[in-house]
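Structural features, examined
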Amino acid sequence: MSGKLVPEINDVTREYWEGTALGELRLRTCLSCDAKFRFNHGWCPQCGSAELGMEATSGKGTVTNYTVIHVPPYEAYAAEVPYALVLVELDEGVRMMANIVDCDPASVGIGMRVEVTFEERGPVMLPQFRPSN
Ligand SMILES: [Zn+2]
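Residue numbers here run from 1 along each chain, matching the order of that chain's written sequence. The model is predicted, so local features are restricted to residues of pLDDT at least 70 and side-chain atom pairs to those at 80 or more, both for listing and for counting; the totals for chains, interfaces and linings are taken over all residues.

Side note on the pairing of strand E1 (residues 26-30)
Here a residue counts as buried when 20 or more other C-beta atoms fall within 10 Å of its C-beta, as exposed when 12 or fewer do, and as partly exposed in between; the C-beta atoms come from the backbone. Numbering of helices and strands starts at the N terminus; helices are DSSP runs of H or I of at least 4 residues and strands are runs of E of at least 2. Most of E1 sits out of view: 4 of its 5 residues are buried. Strand pairing requires that DSSP identify at least two bridges connecting the strands. Pairing analysis gives 5 bridges linking E1 to strand E3 (residues 52-56), with the strands arranged antiparallel. Bridging from a neighbouring strand, Thr-29 pairs with Gly-53 of E3. Note: E1 against strand E2 (residues 36-37), 2 bridges, orientation antiparallel. Following the sheet pairing, Arg-28 is matched in E2 by Phe-37.

Below is the structure:
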């Protein structure tokens, strides 16, 4: 273990992390209003319902914003700078932030097409993105 941040697995997030372990990026779905959203709520942010499902996404999306990190936030990240953080709008319409890998941070731009990939981080497979066509 490298000292990097590790997400917490709990009753709300377990099904999401089970998905990433299978190579799936999943979204919560609301069984009342059909909203889709990230995993970390136990209720629908649109209608408040606690009747939730979960479904796999395509894992593909488009970069809508990004930043290149030059100063590591923690010592554990010192070997990785510079690296880019991207805000990705998944093709399913939900935005999420992650690292982008397998590319020069200077090549990252708004509108870039990306696909999910996973990095082993402690007990979880953490979603990251890489360029795609
Ligand atoms: Zn809802």
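After presenting the structure, the write-up continues.
Here's the deal with the sheet that holds E1
What the 3 strands build is an open sheet, ordered E2-E1-E3; its pairing is antiparallel. A strand with exactly one partner marks an edge of an open sheet, and here the two such strands are E2 and E3.

A closer look at the nonpolar core
Of all hydrophobic cores here, the largest spans 12 residues; its members are Leu-25, Val-63, Ala-84, Val-86, Val-88, Leu-90, Ala-98, Ile-100, Val-108, Val-114, Val-116 and Phe-129. Of all the secondary-structure elements, those providing two or more residues to this core are strand E5 (83-90), strand E6 (95-100) and strand E7 (113-121). Placing a C-beta atom from the backbone of each residue, one calls two residues in contact when those atoms lie within 7 Å. Residue contacts for Val-86: discarding those within four places in its chain leaves Val-63, Tyr-66, Ala-98, Ile-100, Val-108, Val-114 and Phe-129. A set of buried Ala, Val, Leu, Ile, Met, Phe, Trp, Tyr and Cys residues, joined through C-beta atoms within 7 Å, is what we mean by a nonpolar core.

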